[in-house]
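# Results of the structural survey
If you want the building blocks of each chain, they are given just below.
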Amino acid sequence: MGNNLLKGKRGIIFGALDENSIAWKTAEKVFDEGGKFVLTNAPIAMRMGKINELAKKCKAEIIPADATSVEDLENLVSKSVEILGGKLDFILHSIGMSPNVRKGRDYGDLNYEWMHKSLDVSGISFHKVMQVAEKQDALSEWGSIIALSYIAAQRTYPGYSDMAQAKALLESIARSYGSRLGSMKNIRVNTISQSPTVTTAGSGVGGFDVFIDFAEKMSPLGNATAEDCANYIIVMFSDYTRKVTMQNLMHDGGFSTSGITDALVESLTPKE
Ligand code: NAI
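Bringing the site of the ligand into the picture now. Of all residues adjacent to the ligand, which total 27 residues, the nearest are Ser 21, Asn 41, Lys 167, Thr 197 and Thr 199. The separation between an oxygen atom of the ligand and a polar side-chain atom of Lys 167 is 2.8 Å. Relative to its unbound accessible surface of 810 Å², the ligand loses 93% to contact with the protein. In a pocket analysis with a 2 Å cut-off to the grid points, the ligand is assigned to the largest pocket. Breaking the shell around the ligand down by element, the ones donating at least two residues are strand S5 (139–149) and helix H7 (200–203). Considering only residue class, the shell around the ligand consists of 13 nonpolar, 12 polar and 2 charged.

Next comes the structure, spelled out in structure tokens:
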């Protein structure tokens, strides 16, 4: 049971693939908090059919949309406003995909067509979502828009490949569009930079098991889980964060400001 933090609010949640997805956990919590929403994902991701379980549980409708297609997004946004009976108070962009990462291409041998795809799916799509919503005048005053990022936007993680550039682009779009929508309609736009999390997208990154363990030891509070992330998103969608905007919000158990931790010292100290 929630606390009605999102009672009466309407929105769109992108990216619930299966029960491990950050968007899946978020949808469950938004529902518990009294929010109404439309679920969406790329048409091919829906073939698994899993999203239907979530939709049933959350009494939500599903509208397929490839987030790189402006036409799909136009259909998604206009239908959502119709179905939900009003303008949107929140949007969660929980989308990431790199063909280069997926196919294990070396960073010195990137396929540039695939790199464009990574940037489009994981970065530019965030701009497309907001531009479509703005043009349709589909956003409510004091709304909140969130996308999910990763610290590889600021620091290098070799296995993250061109997704690092995609996340840097995503965070930059949040600032630029946040400035625009803030002055226009008091709408806030932020990215949440999440700990490594065991999901389909996360597990596709080379060396993931090692750096999830490293991050766990390097974070005084331990890695933030998908459920922790969903809780943070609820707060960001609620009216308690109305003046937080154009930020990349670190949600990482303290990882990003740790030099070293006792747990790492212990694990790196040679055993006698
Ligand atoms: P996930 O694999 O469950 O979700 C990624 C989603 O992106 C999937 O639902 C997929 O269908 C969707 N997607 C891919 N291409 C699309 C397209 N063209 N149009 C619409 N949707 C598309 O994995 P997860 O971890 O929940 O990912 C959500 C977000 O969190 C992503 O932005 C990811 O980069 C970010 N993130 C994940 C971390 C992790 O370690 N898992 C860490 C930090 C950020």
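This paragraph deals with the nonpolar core. Residues Phe 14, Leu 76, Phe 126, Met 130, Leu 139, Ile 145 and Leu 181 are the most contacted members of the largest nonpolar core, which totals 31 residues. At the level of secondary structure, the elements contributing two or more residues to this core comprise strand S1 (10–14), helix H3 (70–84), strand S4 (88–93), helix H5 (112–135), S5 and helix H6 (163–185). In terms of residue count, the dominant contributor to this core is H5 (6 residues). Filtering out sequence-adjacent residues up to four positions away, Phe 126 remains in contact with His 93, Ile 145, Ile 146, Ala 147, Leu 170, Ile 173, Ala 174 and Val 189. Leu 54, Ala 55, Ala 226 and Met 236 belong to the second largest nonpolar core, which has 28 residues in total.

The largest bend in H5 comes to about 50°, at Ile 124. Two to three positions downstream of the cap, the backbone nitrogen of Glu 113 sits 2.9 Å from a side-chain oxygen, assigning the N-cap of H5 to Asn 111. Asp 137 occupies a position one or two residues after H5 and carries a positive phi of about 50°.

As enumerated under the stated definition, the model contains 12 salt bridges in all. In this structure, Glu 19 engages Lys 50 in a salt bridge whose closest nitrogen and oxygen atoms are separated by 2.6 Å. On the criterion of sequence distance, the pair formed by Glu 19 in the loop between S1 and helix H1 (22–32) and Lys 50 in the loop between strand S2 (36–40) and helix H2 (51–57) is long-range, its members being 31 residues apart. Of the residues examined, Glu 19 reaches a relative accessible area of 35% and is grouped as partly exposed. The network of salt bridges with common partners includes Lys 9, Asp 239 and Arg 242.

Criteria and thresholds
Residues numbered from 1 in each chain as written. Predicted model: local features only at pLDDT ≥ 70, side-chain atom pairs only at ≥ 80, totals over all residues. Heavy atoms only, no water. Near = heavy atom within 4 Å. Polar contact = N/O pair within 3.5 Å; in protein donor to acceptor, adjacent residues only side chain to side chain. Areas by Shrake-Rupley, 256 points an atom, 1.4 Å probe, with all protein chains shown as cover. 1 Å grid on protein atoms, 1.4 Å probe; cavity = no way out; pocket = protein on both sides within 12 Å on 5 of 7 lines; lining within 4 Å. Sits in = over half its atoms within 2 Å of the grid points. Helix = DSSP H or I, 4+ residues; strand = E, 2+ residues; numbered from the N terminus. Nonpolar A, V, L, I, M, F, W, Y, C, P; charged D, E, K, R; others polar. Core = buried A, V, L, I, M, F, W, Y, C linked by side-chain atoms within 4.5 Å. Buried < 20%, exposed > 50% of the residue type's maximum accessible area, 1.4 Å probe, protein only. Contact = heavy atoms within 4.5 Å. Bend = angle between axes of the 7 residues up to and from the residue. Salt bridge = Lys/Arg side-chain N within 4 Å of Asp/Glu carboxyl O.

Remember, this is a structural readout, not a statement about activity or role.
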